[in-house]
Amino acid sequence: MREYWTALASLMGAVAFMQGFLHAVFPPELRAAVARLLGRMTRSFSPYCYFDVTEMDGMSNNEIYDAVQLYLSSTAAPSSGARLSLTRPHNASSFTFGLAASDRVVDAFLGAAVTWEHVVAPRQSGGFSWRPLPEEKRRFTLRIRRGDREKLLPAYLDHILATAQEIRRRSQDRLLYTNARGGAMDGRGLPWDPVPFKHPSTFDTLAMDPDRKESIKADLRDFADGSAFYERTGRAWKRGYLLYGPPGTGKSSMIAAMANFLGYDVYDLELTEVSSNAELRKLLMKTTSKSIIVIEDIDCSVDLTNRAALPAPAPKPRPRPSIDGSVDQDAAGAAAGRSSITLSGLLNFTDGLWSCCGSERIFVFTTNHIEKLDPALLRSGRMDMHVFMSYCSFPALKILLKNYLCFQGDADCAEVMRGLEEWIDAAEITPADVSEVLIKNRRNGEKQAMEELLDVIKARAEKRVGTAAGRKDGEVEEEEKRAVGSPKEGKEPAAGNDSCEVGQDEETDGKKQL
Ligand SMILES: Nc1ncnc2c1ncn2[C@@H]1O[C@H](COP(=O)(O)OP(=O)(O)OP(=O)(O)O)[C@@H](O)[C@H]1O
Ligand SMILES: [Mg+2]
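The protein goes by AAA+ ATPase domain-containing protein in an unreviewed UniProt entry, where it is assigned to Lolium multiflorum. In its Catalytic activity (unreviewed entry) section, the UniProt record describing the protein reads: "ATP + H2O = ADP + phosphate + H(+)".

Trainee: I'm lost on the site of ligand 1 in this one. Help?
Mentor: Around ligand 1, 15 residues are found, and the nearest of them are Ala 207, Gly 248, Lys 251, Ser 252 and Ser 253. Gly 248 places a polar main-chain atom, nitrogen or oxygen, 2.9 Å from an oxygen atom of ligand 1. Lys 251 has a polar side-chain atom sitting 2.8 Å from an oxygen atom of ligand 1. Elements with a minimum of two residues in the shell around ligand 1: helix H7 (251-262), helix H13 (394-405) and helix H15 (431-441). The element that contributes the greatest number of residues to the shell around ligand 1 is H7, accounting for three residues.

Trainee: I'm lost on the packing of H13 against H15 in this one. Help?
Mentor: Angle between the axes and distance between the axes: these two values describe a pair of packed helices. Between H13 and H15, the least distance of the axes is 10 Å, while the angle of their chain directions is 30 degrees. Our pair here, H13 against H15, has a crossing hand that is right-handed. For the pair H13 and H15, contact is made by Leu 397, Leu 400, Leu 401, Tyr 404 and Leu 405 and by Pro 431, Val 434, Ser 435, Leu 438 and Ile 439, respectively. Residue classes in the contact of H13 with H15 are distributed as nine nonpolar, one polar and no charged.

Trainee: It is not clear to me how the nonpolar core should be interpreted in this structure. Could you clarify?
Mentor: Here is a general trend for soluble globular proteins: nonpolar side chains tend to be buried in one another's company. Counting residues in hydrophobic clusters, the biggest one holds 29 residues, and the most contacted among them are Leu 269, Leu 346 and Phe 349. Of all the elements in the fold, those that place two or more residues in this core are strand S9 (175-179), strand S11 (238-244), helix H8 (277-285), strand S13 (291-295), helix H11 (343-351), strand S14 (361-367) and helix H12 (375-378). The element contributing the most residues to this core is H11, with four residues. Apart from the residues within four sequence positions on either side, Leu 269 is in contact with Asn 179, Trp 192, Val 274, Leu 280, Leu 283, Val 294, Ile 295 and Phe 349. Within the second largest apolar cluster, 27 residues are counted, among which are Phe 203, Tyr 230, Ala 256 and Met 258.

Trainee: Whenever I open this one, the packing of aromatic side chains confuses me. Can you help?
Mentor: In this description, an aromatic ring pair is defined by two values, namely the gap between the centres and the angle between the planes. Enumeration over the complete set of coordinates arrives at 15 aromatic pairs. Both rings, one in Phe 223 and one in Tyr 230, keep their centres 5.8 Å apart while their planes meet at 75 degrees; by these two values the pair is edge-to-face. A single burial state applies to Phe 223 and to Tyr 230, both of which are buried. An angle of 35 degrees between the planes, with centres 5.3 Å apart, marks the rings of Tyr 244 and Phe 388 as tilted. Taken together, the positions of Tyr 244 in strand S11 and Phe 388 in strand S15 (residues 385-388) put the pair 144 residues apart, joining distant regions of the chain.

Trainee: How should unusual backbone geometry be read in this particular structure?
Mentor: Glycine aside, residues mostly have negative phi angles, and peptide bonds mostly take the trans form. Look at Leu 110: it is not a glycine, yet its phi comes out positive at around 50 degrees. Note that Leu 110 resides in the loop between strand S6 (104-109) and strand S7 (112-122). Looking at Leu 110, the relative accessible area reads 51%, which means it is exposed. Positive phi values are uncommon outside glycine, yet Glu 428 reaches one of about 45 degrees. In this structure, Glu 428 sits in the loop between helix H14 (414-427) and H15.

Trainee: Where do I start with a nonpolar patch on the surface in this structure?
Mentor: Taken together, Phe 17, Met 18, Phe 21, Leu 22, Val 25, Phe 26, Leu 30, Val 34, Leu 37, Leu 38, Met 41 and Phe 45 make up a surface patch of nonpolar side chains, about 1,200 Å² in accessible area. Elements with a contribution of two residues or more to the nonpolar patch: helix H1 (2-25) and helix H2 (28-45). Top element by residues in the nonpolar patch is H2. It accounts for six residues. Summarising the element assignment, Leu 37 is placed in helix H2. Under the relative-accessibility criterion, Leu 37 is labelled partly exposed at 49%.

Trainee: Whenever I open this one, the pairing of S13 confuses me. Can you help?
Mentor: Working note: regular strand, side chains alternate between the two faces of the sheet. Of all five residues making up S13, five are buried, and the element is well covered by its neighbours. Burial of the side chains of S13 extends over both faces: Ser 291, Ile 293 and Ile 295 are buried on one face and Ile 292 and Val 294 on the other. Direction of pairing for strand S12 (residues 265-268) relative to S13: parallel, over a ladder of four bridges. In the strand pairing of S13, Tyr 267 is matched with Ile 293. By the bridge criterion, five bridges tie S13 to S14 in an arrangement that is parallel.

Trainee: Please clarify how the packing of H8 against H11 should be interpreted in this entry.
Mentor: At their nearest, the axes of H8 and H11 sit 9 Å apart, and the two run at 15 degrees to each other. One element, H8, and the other, H11, form an angle in the roughly parallel class. H8 and H11 meet at a crossing whose hand is right-handed. Residues Asn 277, Leu 280 and Leu 284 of H8 touch H11, and the partners they reach there are Gly 345, Leu 346 and Phe 349. The class makeup of the residues in the contact of H8 with H11 is four nonpolar, two polar and no charged.

Rules used throughout
- Residues numbered from 1 in each chain as written.
- Chains lettered and ligands numbered in written order.
- Predicted model: local features only at pLDDT ≥ 70, side-chain atom pairs only at ≥ 80, totals over all residues.
- Heavy atoms only, no water.
- UniProt positions renumbered as here; feature names shortened; annotations may be inferred.
- Near = heavy atom within 4 Å.
- Polar contact = N/O pair within 3.5 Å; in protein donor to acceptor, adjacent residues only side chain to side chain.
- Helix = DSSP H or I, 4+ residues; strand = E, 2+ residues; numbered from the N terminus.
- Axes fitted to C-alpha atoms, helices over the stretch in contact; angles between N-to-C directions.
- Left-handed = near helix turned anticlockwise from the far one by under 90°.
- Contact = heavy atoms within 4.5 Å.
- Nonpolar A, V, L, I, M, F, W, Y, C, P; charged D, E, K, R; others polar.
- Core = buried A, V, L, I, M, F, W, Y, C linked by side-chain atoms within 4.5 Å.
- Buried < 20%, exposed > 50% of the residue type's maximum accessible area, 1.4 Å probe, protein only.
- Phe/Tyr/Trp six-rings, centres within 6.5 Å; stacked < 30°, edge-to-face > 60°.
- Patch = residues over 30% accessible without salt bridge, like charges linked within 9 Å, V, L, I, M, F, W, Y side chains within 5 Å.
- Areas by Shrake-Rupley, 256 points an atom, 1.4 Å probe, with all protein chains shown as cover.
- Salt bridge = Lys/Arg side-chain N within 4 Å of Asp/Glu carboxyl O.
- Pairing = 2+ DSSP bridges.
- Parallel < 35°, antiparallel > 145°, perpendicular 65-115°, else oblique.

Written out as structure tokens, the structure is:
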């Protein structure tokens with residue numbers, strides 16, 4: 001035993017001597033160069049190639065690293081044995097999984113297997129940085145077979161980026177953006193202010209004719225799945241909706257329902273805060289795809305009619321005429337200290353070449369007065385769908401009763417239901433007004449709440465009939481014409497221009513009238 005310990009001690013002494021000798025003869029730089037050379041030689045004989053995706057790209061975050069992390073959260077099945085880390089992104093209400101440090105996961109793409117490794121090493125301190133850097137250096141290393149490199153790489157990376165974007169969209173709560181006054185930029189140089197969008201309106205809670213609702217949902221679904229269609233037909237991947245009807249009929253609720261249905265963000269564009277067409281274009285360029293761009297009350301936002309001849313105010317500097325002699329409208333508007341957005345500027349926004357930067361965007365305009373809109377806005381191809389939000393119909397009322405009173409059609413309410421069905425159309429009451437009555441009476445039990453509603457509806461209908469009878473025929477007709485969204489559901493809407501005179505659910509030149 002003694003000899004054994006003696007032999008071990010002399011061996012360790014020899015190793016220590018050799019190590020000291022090697023360190024003295026071969027400096028660290030030389031050793032590192034030899035290690036690199038050996039690594040290169042092994043790699044050149046290896047059947048695999050390796051790609052590093054580092055967390056930091058210079059001083060900024062590497063977008064691809066984030067995307068890979070998210071992507072692996074969807075592919076790294078727990079059965080693969082990988083250890084997953086749990087995170088919750090900013091503004092999100094759900095958790096996402098990621099690969100933990102020094103773990104590996106195997107993925108397959110186009111029939112080829114690839115391996116991802118998450119490598120974490122401590123960061124060497126030293127060096128000055130304006131921005132605090134993470135204490136660890138993290139990277140993903142992708143290993144693929146040499147022969148698969150050509151076939152896989154670009155397509156696989158595109159697939160990862162697209163999947164990560166989709167996961168982010170699903171896990172992240174919607175955002176509602178508003179444009180800052182006068183195009184002012186925020187800290188990130190963006191003209192839009194985001195807030196979490198948590199509107200509870202969905203197509204289930206929206207009170208409208210079920211067939212029309214289904215057809216709008218189908219249209220939205222077709223749009224969202226229409227990537228190949230839009231590419232094949234050479235059309236920009238965007239769609240325009242014009243929602244019109246009296247106040248309180250659910251136009252804004254419909255926009256929220258659309259956003260929740262598709263999982264899109266909403267850009268609420270306040271036109272009165274935009275001073276020129278150029279600014280409008282900039283705002284458009286800073287929107288992301290998979291979003292709904294909304295202009296509410298388009299008829300009152302800015303005066304979009306007859307803007308061809310903007311008079312230059314006398315005391316202010318006159319706008320310079322351009323080479324062709326025409327007056328610069330933006331400069332004229334700015335000189336006048338007001339918005340100089342023109343109709344053509346707005347049409348370019350939705351229709352022109354600029355509208356195609358980015359993709360998968362829905363434009364929604366709302367108005368209470370469709371007859372006030374310039375026909376150019378309503379022409380075919382401008383707004384693909386014209387949706388008339390009507391007064392509360394009986395099928396819509398049933399949805400409200402279900403939502404507010406959990407009413408399932410009890411037999412002892414049959415009488416009052418018949419009354420509601422009889423009077424609802426004549427009352428021309430909005431879903432907003434019906435909701436108010438139901439909210440106020442919902443604690444009194446469903447039957448009493450419905451009876452209260454019937455009283456309100458009857459009183460309204462009688463008042464309407466009485467008022468109409470008290471006037472001369474001509475006056476009534478005149479009022480009918482002026483009345484906002486006077487046509488009832490199913491009747492032809494009084495759009496006052498050619499583009500709206502199509503039957504319900506009929507499609508003309510890709511534009512639908514609902
Ligand atoms: N069709 C509807 N289905 C369900 N709720 C509705 C509907 N219409 C109106 N409401 C209720 O009335 C409120 C006001 O509706 P909303 O703001 O969507 O109307 P609007 O048509 O946008 O009105 P405005 O023209 O004044 O902007 C909503 O908060 C919602 O609760
Ligand atoms: Mg509204």
